[in-house]
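# Coordinate inspection notes
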Amino acid sequence: MRWVSLRVIEPNRVLARNILDERGRVLLARGITLTPHWVQRLLSLGITSVCIEDERTDDVCPAELITPETRQRVLAATYDTLTELVSVPTSRRVRSTRVRGRMRPLVEEIIEEMRELGHAGQQFGNVYLTDGELYHHSVNVTLYALALGIALRLSTEQLIHLGLGALLHDVGKLRIPRPILKKPGRLTEDEYQTVKLHTVYGYEILRDAGELPSVSNVIALQHHERMDGSGYPAGIGGTEIHLFGRVTAVADVYEALTANRVYRAGYLPHDAYEMLLAGSGSLFDPRVIDAFVRTVDVYPVGMTVRLSNGCKGVVVRTSRRQSQRPVVRLLETESGQPVQPPVEVDLAKELTLAITGCEV
Ligand SMILES: [Fe+2]
């Protein structure tokens, strides 16, 4: 199976993985044939890429940080918790949200699964939805943050607190007017000031709910602070920012850069990767960036990529040491002719070839 862009997908491909909506419900089940009608439907929902069956990549199985079932449950619980947190009146909140009771066992499960799988930093787990962006984003950021936390050798209890805070880090966005959040173009200065408030709102919502440890709540407040003090809301820097805030900042930025949004395609993973590296020390904690480099596969197995010679292929193996130059199985020539039988090129050896685009 491999990931392809719905904008260029051939008709009648078979879906290899379930597509979940923002509440973790199955929108489209695997095994279904993606007719042009379905492709249009999905695109209109803001879904840009899907995982398809392809006999030439039958042996390729994009690794997941967590099982699809766990992702589904985490997404559903995140949706319920976030919406409850902002909709239940303050006085009833403490009794009715049961944030910790619901989320803590899930975070424990994620950590256990990630440790069992023994790898981290896969690019995708699922596709991104327009309106559900916040929920998918929250789950993805949490997976990255926990992968970084594991690389930083945090204790299990610390990881749980990190995971709980990361899942809810953007809850304050539900208090920001939708037209501003969904505005495709540049924000005005006033609008930007409003968006920044999601950090303070989020912290207040979590603090008032009184269910999470304060180190988890602080993530909502500090995930946009930067090491040199150029972030918001307080403009604090260095170790004034809690480690969990520094970890979540890296996870949040990488996820936001690489995810496709309705109004723009994500950056190429290696560009996003370079941007993070360039910010090491000035914007991001160098220790966290080191952990990121050790953890994240820039081009994960299963990703469909375009090479500098015009050929299209799919990543079949990655190398920790050279994660920007994986092994690619060529599927199509520059003119769109199938490469039969498929040929594999190791970009770590074929230095004249480079990845110039990816279909996500
Ligand atoms: Fe945020």
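Residues numbered from 1 in each chain as written. Predicted model: local features only at pLDDT ≥ 70, side-chain atom pairs only at ≥ 80, totals over all residues.

Moving on, we get to the overall build of the protein chain. Counting secondary structure elements, the protein chain contains 13 helices and eleven strands. Split into buried and exposed, the 360 residues of the protein chain put 44% on the buried side. By sequence separation, contacts in the protein chain at least 24 residues apart represent 67% of the contacts at least 6 residues apart. (Helix = DSSP H or I, 4+ residues; strand = E, 2+ residues; numbered from the N terminus. Buried ≥ 20, exposed ≤ 12 C-beta atoms within 10 Å, placed from the backbone. Contact = placed C-beta atoms within 7 Å.)

The strand order E10-E9-E8-E7-E11 describes an open sheet built from five strands, whose pairing is antiparallel. Each end of this open sheet is capped by a strand with a single partner; those strands are strand E10 (338-346) and strand E11 (355-359). Between one strand axis and the next, the sheet turns by 35° as a mean value, whatever way the strands run. (Pairing = 2+ DSSP bridges. Axes fitted to C-alpha atoms, helices over the stretch in contact; angles between N-to-C directions.)

Right, let's talk about the packing of helix H5 (residues 133-151) against helix H13 (residues 286-295) for a bit. Relative to each other, H5 and H13 sit at 100°, their axes nearing to 9 Å. When the interaxial angle is binned, H5 and H13 end up roughly perpendicular. Of the residues in H13, those touching H5 at Ala 147, Leu 148 and Ala 151 are Val 288, Ala 291, Phe 292, Arg 294 and Thr 295. Within the contact of H5 with H13, the residues separate by chemical class into six nonpolar, one polar and one charged. (Parallel < 35°, antiparallel > 145°, perpendicular 65-115°, else oblique. Nonpolar A, V, L, I, M, F, W, Y, C, P; charged D, E, K, R; others polar.)

We now examine the pairing of strand E6 (residues 49-52). Burial along E6 is two-sided: Ser 49 and Cys 51 and Val 50 and Ile 52, pointing in opposite directions, are all buried. When strand E1 (residues 2-5) meets E6, the two strands line up antiparallel, connected through four bridges. Bridge pairing in E6 places Val 4 opposite Val 50.

With respect to the helices and strands, Val 328 occurs in strand E9 (residues 327-332). Taking C-alpha positions, Val 328 is 9.7 Å from Arg 306, a pair spaced 22 residues apart along the chain. Filtering out sequence-adjacent residues up to four positions away, Val 328 remains in contact with Val 305, Leu 307, Gly 313, Val 314, Val 315, Val 316, Glu 344, Val 345 and Leu 347.

Turning next to the pairing of E10. Buried residues are scarce in E10, accounting for zero of its nine residues. Bridge count for E9 against E10 is five bridges, and the pairing is antiparallel. For Glu 332, the partnering residue across the bridge sits in E10 and is Pro 338. Counted between consecutive antiparallel strands, the loop separating E9 from E10 contains five residues, among which Gly 336 sits at a positive phi close to 90°.

Our next topic: the nonpolar core. Ala 145, Leu 146, Leu 148, Val 250, Ala 251 and Leu 276 are the most contacted members of the largest nonpolar core, which has 86 residues in total. Summarising the domain contributions, this core has at least three residues from each of domain 1 (2-62 + 300-359) and domain 2 (68-295). Apart from the residues within four sequence positions on either side, Leu 146 is in contact with Ile 110, Ile 111, Met 114, Leu 159, Leu 162 and Gly 163. (Core = buried A, V, L, I, M, F, W, Y, C linked by C-beta atoms within 7 Å. Domains from an automatic or database assignment.)

Relative orientation and spacing of two packed helices are given, respectively, by the angle between their axes and the distance between those axes. Packing of helix H10 (residues 214-222) against helix H11 (residues 243-258) brings their axes to within 8 Å, and their N-to-C directions diverge by 50°. Put simply, H10 runs oblique to H11. H11 is crossed by H10, and the crossing has right-handed handedness. Residues Val 215, Val 218, Ile 219 and Gln 222 of H10 lie in contact with H11, whose contacting residues are Phe 244, Gly 245 and Thr 248. A per-class count over the contact of H10 with H11 returns four nonpolar, three polar and no charged. (Left-handed = near helix turned anticlockwise from the far one by under 90°.)

Given a rise of 1.5 Å per residue, 19 residues ought to cover 27 Å, and the 27 Å separating the end C-alpha atoms of H5 matches this to within 8%. Among the 19 residues of H5, 17 are classified as buried, and the element is accordingly described as predominantly covered. Within two residues after H5, Arg 153 carries a phi angle of roughly 60°, on the positive side. (Expected span 1.5 Å × (residues − 1).)

All right, on to the confidence of the model for the protein chain then. The predicted model of the protein chain has a mean per-residue pLDDT of 85, with 90% of residues at 70 or higher. Within the protein chain, H10 carries the highest mean pLDDT (97), whereas helix H3 (residues 90-97) carries the lowest (51). A low-confidence stretch, residues 123-131 (pLDDT under 50), is modelled with 36 contacts involving residues beyond four sequence positions or located in other chains. (pLDDT = per-residue confidence, 0-100.)

Another point: the environment of Leu 134. One can find Leu 134 in helix H5. Considered as a pair, Leu 134 and Leu 174 are 40 residues apart in the sequence and their alpha carbons are 9.0 Å apart. Aside from chain neighbours lying at most four places away, what touches Leu 134 is Asp 170 and Lys 173.

If you check helix H9 (residues 198-209), its first and last C-alpha atoms are 16 Å apart, about what twelve residues at 1.5 Å a residue would give, namely 16 Å. By the burial criterion, the buried members of H9 are His 198, Thr 199, Gly 202, Tyr 203, Ile 205, Leu 206 and Ala 209. The arc that holds the buried residues of H9, viewed along the axis, is 165°, so those residues lie on one side. (Arc of directions from axis to C-beta.)

Our next topic: the environment of Asn 12. For Asn 12, the location among the structural elements is in the loop between E1 and strand E2 (13-14). Residues Asn 12 and Pro 36 lie 24 residues apart in sequence; the distance between their C-alpha atoms is 7.3 Å. Not counting chain neighbours up to four residues away, the residues in contact with Asn 12 comprise Thr 33, Leu 34 and Thr 35.

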